[in-house]
Amino acid sequence: MEEKQVEIGGNALEKVPEDACAEKRQRQILRASFVSIAGNGILSVAKIVAGYLSGSFAVIGDGIDSASDVAVSIVMAVTAKIMGKKPNKKYVYGYAKAESIATKLLSMLIFFAGAEMLVSAVKHLFGEEQRSLPGALAVYVTLFSIACKLLLARYQMVVGKKTGSSMLTANGVNMRNDVLVSLSVLAGLFFSIGLELPVLDSVAALIVGGFIIRSSVKIFMDSNVELMDGVKDESVYQKIFDAINSVEGVGNPHRVRSRSIGGKYMITLDVEADGNLTLAQAHALSSKVEQSIRGNIPEVYDIVVHVEPFGTCPEEVFGIGKAK
């Protein structure tokens, strides 16, 4: 594995593996994707078979939702492989934003699964075919699904937070919503059996489709932030200003810009300093600013610091300045 040299506080250079963190992150995302594929695959088959045998349309729909989660997880695994590619002349920032594109694709897959579920539920609800009460098997499988989905959702969100993966976090949120879906299916089954009204099973399926569509829209909107070079956590700017204030000799931070690349921050900013500094002194000062920011914000992809003489006051076209 290649190594790179990193300057620590202006002292001796220390050699560290260049892609160690990226490779570890890729392995974690791949592992989480394969766990999701296996878990949702088992749940999908169990729910579709149980729904068919017990005569529950809502449980079959829940199984179809789990099948869509398998497709989602396969896309995640492929994306993790793409993200592992090294930067080149065409993609000098690397392939990390493939994650945002995949998240957008996942939201569309989830939406179409929900829309199909909604249309089928409406047809089943207003159809003239004779309805029968769901069997107890549907209840047992739904309870099993709720327990498994809780564990899968928790795992995806923990790994997503640890790796800074919006893709895994979105998948975790989707699975957490699946728990609500299964709970609505369970409620529909209880009311259908208890009140002997099989039509309530179709009503539950209708609610399931609505939940799925709502989840897909939220994931779609969240993925826009990174694709449009924004940040989800706006408090990152205050952390940047706090870090700059701790460095003596610089002031008036302005044109501060931050955007997300693969769950990490790409930060660009201007600061002012004594115009009589030598080039070496200005470089050392900018290095201190960079190290201070990295100390405040661990999730940093890269930082670019531009040093200007005090009183330059350029026009603020992009970025933000510290409130006065």
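For the structure itself, look to the data block above.
Our subject in this report is the structure included herewith. (Residues numbered from 1 in each chain as written. Predicted model: local features only at pLDDT ≥ 70, side-chain atom pairs only at ≥ 80, totals over all residues. Heavy atoms only, no water.)

Let's talk about the layout of surface pockets
Then, in step 1: Looking at the second largest pocket, its volume works out to about 980 Å³.
Then, in step 2: Lining the second largest pocket are 34 residues, with Gly-160, Gly-164, Ser-165, Ser-166 and Gly-263 sitting closest to its centre.
Then, in step 3: Elements with a minimum of two residues in the lining of the second largest pocket: α1 (20-54), α4 (136-163), α5 (166-195), α6 (199-227), α7 (236-245) and β4 (264-273).
Then, in step 4: For the lining of the second largest pocket, the class distribution of residues is 10 nonpolar, 12 polar and 12 charged. (1 Å grid on protein atoms, 1.4 Å probe; cavity = no way out; pocket = protein on both sides within 12 Å on 5 of 7 lines; lining within 4 Å. Points joined across faces, edges and corners; volume = space filled by probe spheres on them. Helix = DSSP H or I, 4+ residues; strand = E, 2+ residues; numbered from the N terminus. Nonpolar A, V, L, I, M, F, W, Y, C, P; charged D, E, K, R; others polar.)

Considerations on the side chain of His-254
Then, in step 1: For His-254, the position within the fold is in strand β3 (residues 251-261).
Then, in step 2: For His-254, a relative accessible area of 1% puts it in the buried group.
Then, in step 3: For His-254, the side chain forms a polar contact with the main-chain oxygen of Asn-252, separated by 2.6 Å. (Buried < 20%, exposed > 50% of the residue type's maximum accessible area, 1.4 Å probe, protein only. Polar contact = N/O pair within 3.5 Å; in protein donor to acceptor, adjacent residues only side chain to side chain.)

Here's the deal with the sheet that holds strand β5 (residues 300-309)
Then, in step 1: Across the sheet, which stays open at both edges, the three strands sit in the order β3-β4-β5 with mixed pairing between neighbours. In this open sheet, the two strands that pair with only one neighbour each are β3 and β5. Pairwise comparison of adjacent strand axes, ignoring direction, gives a mean angle of 15° for this sheet.
Then, in step 2: Packing against the sheet, α7 makes contact with β3 and β4, and its axis sits at approximately 140° to β3. (Pairing = 2+ DSSP bridges. Axes fitted to C-alpha atoms, helices over the stretch in contact; angles between N-to-C directions. Contact = heavy atoms within 4.5 Å.)

A short note on a positive patch on the surface
Then, in step 1: Positive charge collects at one region of the surface, where Lys-24, Arg-27, Arg-31 and Lys-162 lie side by side.
Then, in step 2: Relative to the assigned elements, Lys-162 resides in helix α4. (Patch = residues over 30% accessible without salt bridge, like charges linked within 9 Å, V, L, I, M, F, W, Y side chains within 5 Å. Areas by Shrake-Rupley, 256 points an atom, 1.4 Å probe, with all protein chains shown as cover. Salt bridge = Lys/Arg side-chain N within 4 Å of Asp/Glu carboxyl O. Lys, Arg positive; Asp, Glu negative; His and termini not counted. Charge placed at Lys NZ, Arg CZ, Asp CG, Glu CD.)

Details of α4
Then, in step 1: Compared with the 40 Å implied by 1.5 Å per residue over 28 residues, the 41 Å span of α4 between its first and last C-alpha is a close match.
Then, in step 2: Backbone geometry just downstream of α4 places Gly-164 in the positive-phi region, at approximately 70°. (Expected span 1.5 Å × (residues − 1).)

Thoughts on the pattern of salt bridges
Then, in step 1: Taken as a whole, this structure holds six salt bridges when the rule is applied.
Then, in step 2: Measuring nitrogen to oxygen at the nearest pair gives 3.4 Å for the salt bridge that ties Arg-255 to Glu-308. Of the two residues, Arg-255 is situated in strand β3 and Glu-308 in strand β5; the sequence distance between them amounts to 53 residues.
Then, in step 3: A residue is classified by how much of its surface remains accessible, and Arg-255, at 22% relative accessible area, is partly exposed.
Then, in step 4: A salt bridge links Glu-290 to Arg-294; the shortest N-O distance between them is 3.2 Å. Of this pair, Glu-290 and Arg-294 both sit in helix α8 (residues 279-296), four residues apart, which is roughly one turn of that helix.

A word on the side chain of Ser-286
Then, in step 1: Within the secondary structure layout, Ser-286 lies in helix α8.
Then, in step 2: On the basis of relative accessible area, Ser-286 is assigned to the buried category, the value being 13%.
Then, in step 3: Engagement of the side chain of Ser-286 in a polar contact is seen with the backbone oxygen of His-283, the distance being 2.7 Å.
Then, in step 4: With near-sequence residues (within four places) excluded, Ser-286 lies in contact with Val-305 and Val-307.

Overview of α7
Then, in step 1: Regarding α7, the residues found buried are Val-236, Tyr-237, Ile-240, Phe-241, Ala-243 and Ile-244. Buried positions in α7, seen along its axis, are confined to an arc of 160° and lie on one side of it.
Then, in step 2: Taken together, the buried residues of α7 touch β3, β4 and α8. (Arc of directions from axis to C-beta.)

Some details on the pairing of β5
Then, in step 1: Looking at chain direction, β4 and β5 are connected through nine bridges and run parallel. Residue pairing in the sheet places Val-271 in a bridge with Val-307 of β5.
Then, in step 2: Read from β4 through α8 to β5, the crossover connection turns out right-handed. (Right-handed = clockwise from strand over helix to strand, strands pointing away.)

The values reported here are purely geometric and, on their own, carry no functional implication.
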